[in-house]
Amino acid sequence: SAAPVAQKTVKKDAVVYCLTQTADGYAMSTTSTPADNGSWTESRISGVSPDVNTLAATSDALYVLDDAGNLYRSSDGIDWMSTGSTGWYSVIGGYGDTLLGVRKSGADYTSATYPAVVAAESTPLPQGFPVDGQSATVTFTTQWSDNPQAIFVGGRCADGTLSSSTWGFDGTEWVRFSNLPKNIGLQGVTLVPYSTFDVNTVNWTVKKFDTLLAFGGREADGSQTRKVYISRDWGMNWHLADELMQLPADM
């Protein structure tokens, strides 16, 4: 579109889904080869007028909210059906085949899941938990946990302040992992799994490390940040990345 009003892109399996709102409606564009600009297929969607920013993917479906907080599900991103789950305030992301989010009733915010996780559904959120504006979730497994962990960084809390924290979900409950350096609150952070390398200059062997990068987003005054943060222990500790990993002034 030459003039998108809103747009969000997610990936499920090997397919990339790009939901776009324009002045004349909503369209879903899909491709399994995103590097090929000519490979996109665009279709008009049906069954929902979505809040584009809430588009999310789990291992088996796509989800989106409408403006009233009703949750919709789709297998192809084109035909949408109501799940019957209501009262959602925001969507956080996927955890396996479960969608994670926040529900609001009056002034109270609670955990939302679909399909419902009994131990987590509608439980009060921990103090300082962001209610929207979080990064996308990244899910991983480690030797320290029996269950996969889904984590996000940053977001806007119920009192309007911005969070500097990393929160993790283990299938049952949310727990705060750590804070970004100097406790700088951010919303709209990009969180991606990456790899870094250590080279032994004696025998030139290379060791690969699983790494998380968190970058971009907006600070409390609304300004954008180019700072890149790095974690080599899945969000337990964060450091400002080396100078050569920082985004240039043109970004």
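Calculation notes
- Residues numbered from 1 in each chain as written.
- Predicted model: local features only at pLDDT ≥ 70, side-chain atom pairs only at ≥ 80, totals over all residues.
- Heavy atoms only, no water.
- 1 Å grid on protein atoms, 1.4 Å probe; cavity = no way out; pocket = protein on both sides within 12 Å on 5 of 7 lines; lining within 4 Å.
- Points joined across faces, edges and corners; volume = space filled by probe spheres on them.
- Helix = DSSP H or I, 4+ residues; strand = E, 2+ residues; numbered from the N terminus.
- Nonpolar A, V, L, I, M, F, W, Y, C, P; charged D, E, K, R; others polar.
- Salt bridge = Lys/Arg side-chain N within 4 Å of Asp/Glu carboxyl O.
- Buried < 20%, exposed > 50% of the residue type's maximum accessible area, 1.4 Å probe, protein only.
- Pairing = 2+ DSSP bridges.
- Polar contact = N/O pair within 3.5 Å; in protein donor to acceptor, adjacent residues only side chain to side chain.
- Contact = heavy atoms within 4.5 Å.
- Phe/Tyr/Trp six-rings, centres within 6.5 Å; stacked < 30°, edge-to-face > 60°.
- Patch = residues over 30% accessible without salt bridge, like charges linked within 9 Å, V, L, I, M, F, W, Y side chains within 5 Å.
- Areas by Shrake-Rupley, 256 points an atom, 1.4 Å probe, with all protein chains shown as cover.

Considering the layout of surface pockets
The method is simple in principle: a probe with the dimensions of a water molecule rolls over the atoms, and the space it marks as empty is what remains.
Right, so step 1: Put simply, the largest pocket is a space of about 790 Å³.
Right, so step 2: Every residue lining the largest pocket is counted, 32 residues in all, and those nearest its centre are K8, L55, I92, S135 and A136.
Right, so step 3: Of all the elements in the fold, those that place two or more residues in the lining of the largest pocket are β1 (6–12), β5 (56–57), β9 (88–95) and β18 (190–200).
Right, so step 4: For the lining of the largest pocket, the element with the most residues is β9, which contributes seven residues.
Right, so step 5: Grouping the constituent residues of the lining of the largest pocket by class yields eleven nonpolar, 17 polar and four charged.
Right, so step 6: Of the voids in this model, the second largest pocket is the one considered here, and its volume is about 220 Å³.
Right, so step 7: As for the second largest pocket, its lining consists of Y109, L125, P126, Q127, G128, F129, V131, C157, A158 and D159.
Right, so step 8: Here the lining of the second largest pocket is composed, by residue class, of seven nonpolar, two polar and one charged.

Brief notes about the pattern of salt bridges
Right, so step 1: On inspection of all chains with the given rule, the structure shows five salt bridges.
Right, so step 2: Put simply, D24 and R44 hold a salt bridge, and the shortest N to O gap is 3.5 Å. Here the residue D24 occupies a position in the loop between β2 (15–22) and β3 (25–31), and R44 occupies one in strand β4 (residues 41–44), the gap between them amounting to 20 residues.
Right, so step 3: On the basis of relative accessibility, which here comes to 44%, the residue R44 falls in the partly exposed class.

Observations regarding the sheet that holds strand β8 (residues 81–82)
Right, so step 1: What the four strands build is an open sheet, ordered β5-β6-β7-β8; its pairing is antiparallel. Looking along the sheet, the strands with just one partner apiece sit at the ends: β5 and β8.
Right, so step 2: Pairing analysis gives two bridges linking strand β7 (residues 71–74) to β8, with the strands arranged antiparallel. Its bridge partner lying in β8, R73 is registered against M81.

Brief notes about the pairing of strand β14 (residues 149–153)
Right, so step 1: Among the five residues in β14, five count as buried, and that is most of the element.
Right, so step 2: Neither face of β14 is exposed, since Q149, I151 and V153 on one face and A150 and F152 on the opposite face are all buried.
Right, so step 3: The pairing of strand β13 (residues 138–140) with β14 spans three bridges and is classified as antiparallel. Residue pairing for β14: T139 is matched across the bridge by A150.
Right, so step 4: Relative to strand β16 (residues 165–169), β14 is paired through four bridges, and the arrangement is antiparallel. Along β16, the bridge assignment pairs A150 with F169.

Topic: the side chain of T58
Right, so step 1: If you trace the backbone, T58 turns up in the loop between β5 and β6 (62–65).
Right, so step 2: A polar contact is formed between the side chain of T58 and the side chain of D60, at a distance of 2.9 Å.
Right, so step 3: If near-sequence neighbours (up to four positions away) are discounted, T58 is found in contact with K12, Y63, G94, G96, D97, T98 and L99.

Points about the packing of aromatic side chains
Each aromatic ring pair is summarised here by two numbers: the centre-to-centre distance and the angle between the ring planes.
Right, so step 1: Under the criterion given, the structure shown has nine aromatic pairs.
Right, so step 2: Centroid distance Y63 to Y114: 5.9 Å. Interplanar angle 70°. Geometry classified as edge-to-face. With Y63 in strand β6 and Y114 in strand β11 (residues 108–114), the pair connects residues that are 51 residues apart, well separated along the chain.
Right, so step 3: A residue is classified by how much of its surface remains accessible, and Y63, at 1% relative accessible area, is buried.
Right, so step 4: Of the residues examined, Y114 reaches a relative accessible area of 22% and is grouped as partly exposed.
Right, so step 5: Here the aromatic rings of Y95 and F169 are separated by 5.3 Å at their centres, their planes lie at 90°, and the arrangement is edge-to-face.

A look at a nonpolar patch on the surface
Right, so step 1: On the surface, F197, V199, W204 and V206 cluster together into a nonpolar patch covering about 470 Å² of accessible area.
Right, so step 2: The residue W204 is located in the loop between β18 and β19 (205–215) in this model.

Thoughts on the sheet that holds strand β21 (residues 239–240)
Right, so step 1: As summarised here, the arrangement of the four strands in space is β18-β19-β20-β21, forming an open sheet in which the pairing is antiparallel. On the outer flanks of this sheet lie β18 and β21, each paired with one strand and no other.

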